[in-house]
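Topology and contacts: notes
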Amino acid sequence: MRAVRRPSVADGPRQKRGRCVMFVGDVDDLFSRTHHVCVVGAGPVGIVVALELASRGHEVTILESGSFEFDPAAQKLSEALRVDEVRNRDMALAVQRRFGGTSNLWGAGCVPLDPVDFDARAIADNVRWPISYAEFASFLPDACRYANCGTQFEQPLTDIAPCDDRFTMGGLMRYADPPSFLKAYAQTVSRSARIRAYLGATVTAIRCGADGRVSALEVHERDGHSGPVRARAVVLACGGVETTRLLLAMQAEEPPRFGGEAGALGRYYMGHLSGALADIRFQNDRLDRSFGFFRLADAAYARRRIAASGAFQHREQLTNIALWPTLPPMGDFEHRDPVLSLAYLALSFPPLGRRLVSESLRRINVGDGKHRFAHVRNVAAGLPLLGAFLPRFLFHRFVAQRRLPGLHIHNPARRYPLHYHAEHLPNPYSRIRLSSDRDALGLRKVVLDLRFSDRDAEAVVRTHEQLARWLHETGLGALIWHNPAENLKEQVLAQAGDGVHQIGTARMGENNRSAVVDRNCRIFGSSNLFLAGSAVFPTSGQANPTLSAIALAVRLARLLSAEAYTHEIRHEV
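Now for a look at the structure at hand. Keep in mind it's a predicted model, so treat the numbers as computed, not measured.

1. Let's talk about the pairing of strand 17 (residues 431–438)
Sheet analysis places strand 17 next to strand 18 (residues 444–449), joined by 5 bridges and oriented antiparallel. Within the sheet, the bridge partner assigned to Arg 431 lies in strand 18 and is Asp 449.

2. What to know about the environment of Gly 541
Tracing the backbone through its elements, the reader meets Gly 541 in the loop between strand 20 (529–531) and helix 18 (546–564). With a relative accessible area of 0%, Gly 541 lands in the buried category. Along the sequence, Gly 541 and Arg 166 sit 375 residues apart, while their C-alpha atoms lie 18 Å from each other. Filtering out sequence-adjacent residues up to four positions away, Gly 541 remains in contact with Leu 113, Asp 117, His 272, Asn 320, Ala 422 and Glu 423.

3. A word on the packing of aromatic side chains
If you walk through the whole model with that rule in mind, you get 14 aromatic pairs. With centroids separated by 5.2 Å and ring planes inclined at 35°, the aromatic side chains of Phe 118 and Phe 136 adopt a geometry described as tilted. With Phe 118 in the loop between strand 6 (109–110) and helix 5 (133–137) and Phe 136 in helix 5, this residue pair connects regions lying 18 residues apart in the sequence. With a relative accessible area of 0%, Phe 136 lands in the buried category.

4. Remarks on the nonpolar core
Formed by 141 residues in total, the largest nonpolar core has its most connected members in Leu 217 and Leu 247. For this core, the element with the highest residue contribution is helix 18, accounting for 10 residues. Non-local contacts of Leu 247, meaning those with residues more than four positions away in its chain, are made with Leu 236, Phe 258, Leu 265, Ala 506, Val 516, Ile 523, Leu 529 and Leu 531. Ranked by size, the runner-up nonpolar core spans 7 residues in total, among them Val 111, Met 173, Tyr 175 and Leu 404.

5. Let's talk about the layout of surface pockets
Any empty space left between the atoms is revealed when a probe the size of a water molecule rolls over them. Considered as a void within the structure, the second largest pocket measures approximately 590 Å³ in volume. Taken together, 33 residues line the second largest pocket, and the ones lying closest to its centre are Glu 154, Thr 168, Gly 170, Gly 171 and Ala 307. Secondary-structure elements contributing two or more residues to the lining of the second largest pocket are strand 7 (167–175), strand 14 (301–308) and helix 10 (310–316). For the lining of the second largest pocket, the leading source of residues is strand 7, giving 6 residues. The class makeup of the residues in the lining of the second largest pocket is 20 nonpolar, 9 polar and 4 charged.

6. Observations concerning helix 16 (residues 454–474)
Residues three or four positions apart in an α-helix share a direction because the helix packs 3.6 residues into each turn. An ideal rise of 1.5 Å per residue puts 30 Å on 21 residues; helix 16 measures up with 30 Å between its terminal C-alpha atoms. Of all the residues in helix 16, the buried ones are Asp 456, Ala 457, Ala 459, Val 460, Val 461, Thr 463, His 464, Gln 466, Leu 467, Ala 468, Trp 470 and Leu 471. Sitting at the head of helix 16, Ser 453 places a side-chain oxygen 3.3 Å from the backbone nitrogen of Arg 455. With its phi angle positive at about 75°, Gly 475 sits one or two positions after the end of helix 16.

7. Focus: the packing of helix 2 (residues 44–55) against helix 7 (residues 181–191)
For the pair helix 2 and helix 7, interaxial distance at closest approach is 11 Å and the crossing angle is 25°. Viewed along their axes, helix 2 and helix 7 adopt a mutual orientation that is roughly parallel. Where helix 2 crosses over helix 7, the handedness of that crossing is left-handed. Residues Pro 44, Ile 47, Val 48 and Leu 51 of helix 2 form the contact with helix 7, whose own contacting residues are Phe 181, Tyr 185, Thr 188 and Val 189. Residue composition of the contact of helix 2 with helix 7, grouped by class: 7 nonpolar, 1 polar and no charged.

Parameters and conventions
Residues numbered from 1 in each chain as written. Predicted model: local features only at pLDDT ≥ 70, side-chain atom pairs only at ≥ 80, totals over all residues. Heavy atoms only, no water. Pairing = 2+ DSSP bridges. Helix = DSSP H or I, 4+ residues; strand = E, 2+ residues; numbered from the N terminus. Buried < 20%, exposed > 50% of the residue type's maximum accessible area, 1.4 Å probe, protein only. Contact = heavy atoms within 4.5 Å. Phe/Tyr/Trp six-rings, centres within 6.5 Å; stacked < 30°, edge-to-face > 60°. Core = buried A, V, L, I, M, F, W, Y, C linked by side-chain atoms within 4.5 Å. 1 Å grid on protein atoms, 1.4 Å probe; cavity = no way out; pocket = protein on both sides within 12 Å on 5 of 7 lines; lining within 4 Å. Points joined across faces, edges and corners; volume = space filled by probe spheres on them. Nonpolar A, V, L, I, M, F, W, Y, C, P; charged D, E, K, R; others polar. Expected span 1.5 Å × (residues − 1). Polar contact = N/O pair within 3.5 Å; in protein donor to acceptor, adjacent residues only side chain to side chain. Axes fitted to C-alpha atoms, helices over the stretch in contact; angles between N-to-C directions. Parallel < 35°, antiparallel > 145°, perpendicular 65-115°, else oblique. Left-handed = near helix turned anticlockwise from the far one by under 90°.

This is the structure we're talking about:
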């Protein structure tokens, strides 16, 4: 192989493109040495594994398929076939092959899993996590530090809402700042003497010996070099779909691996159900205004959510669901709100819209883009209001040290669509499998068969019914339904779709009959192959998965650090 010397991350930044610092590892060094711990993927989870190990004195190699800038050729490698295009988001909008991964696309909302998610519940087929909530939660402060989102996730409204064990309005979503881990950690990684990052390095196969131990990763480097990369331990942190894809490719070469066709690998593919079934009308202004964006003493932004308590979920056999008031559909000019219409017009212009939000969110809000003139009329009619609103909003959104994460406008009627973000129940028929189509590097593409069931929808409806009763009995407000009661379940299923939150396809468990990894996220049947990310979650909960995946990444890095001194890998029995 021809020797090619290029800057390594250990050399520090050597080339700049725009605002990004470009660093790439030495090609010869990548293929010639045995690496200590090799992390596949430089999204938030992979970056945290690497930083945490490096902070404990270990050498880490990161392999990232993308670069600092968006690379269409790299992104095309994520193409997947979708059984139902309505149910599963296009991978071009759901993931990004780039340093920082999908944090370059997300809304930066951070919220942890709840204690109830770790319980064995009949409604979730008694699926149990092999670790306790207390053990998981012990790593949350460090996860919050990496996300820079603050650590307080509860702020009870004791002076407004009565004490009640049914629902709470005290739960908070916090917001990472900066949202992109590229912006947050590119310089940190580049300056680390213990981390080598190779951009444009795509793993196409995992080779194992007869004992199940990973002997090499087959890596294709973007300049055409390819070959085996050897490491003492390998951590797959390349997203739920891509991690599953690499493991399915292993299974295709050795069908009995991971329990064979009937095993857990690729099954139990979960995301979340989201949408709106009703409007919420708050009884008083104090309660209404408590649901806007606000900052706590730790400086990070927060937003309040409504949720059933764990005890009430158990008692009523409910799934875990968070709800919060949101704005009317931006594209519906009938709202006559000049702020919303101006936001719509900004997003409808793609070059500007893509600078404001992710392309996925832009398309959701713009829709067909047919009514721009009506939105222009709304803006013209509301110029005085815009003159008072815009300077303050623009300052806090784009200039202030802490970025305002979103837009929420209070209205005199105190009435808003009530958005829900609901747990998706484990289902073995909701799955990822390999197709016969191959990408440009020869790796088989996957088929995404994301399914939502009547049980998922019924639980969402029952939670809303219980919430309506609670609001009425406490005098806090009311729900105004969008459709008749007999149509609610169908409405939930019509709105159901995800693909952004890729959960459960390589879940952790007590044994290889029902799971893919053990309680330490080590692959069953392999001594040195580990998984990091939401693919290992046995249940989905109501929470966006990134913060919890980062917490498990911190835990995995510390377990690897403890084993690194002996280089002996001890499997959980």
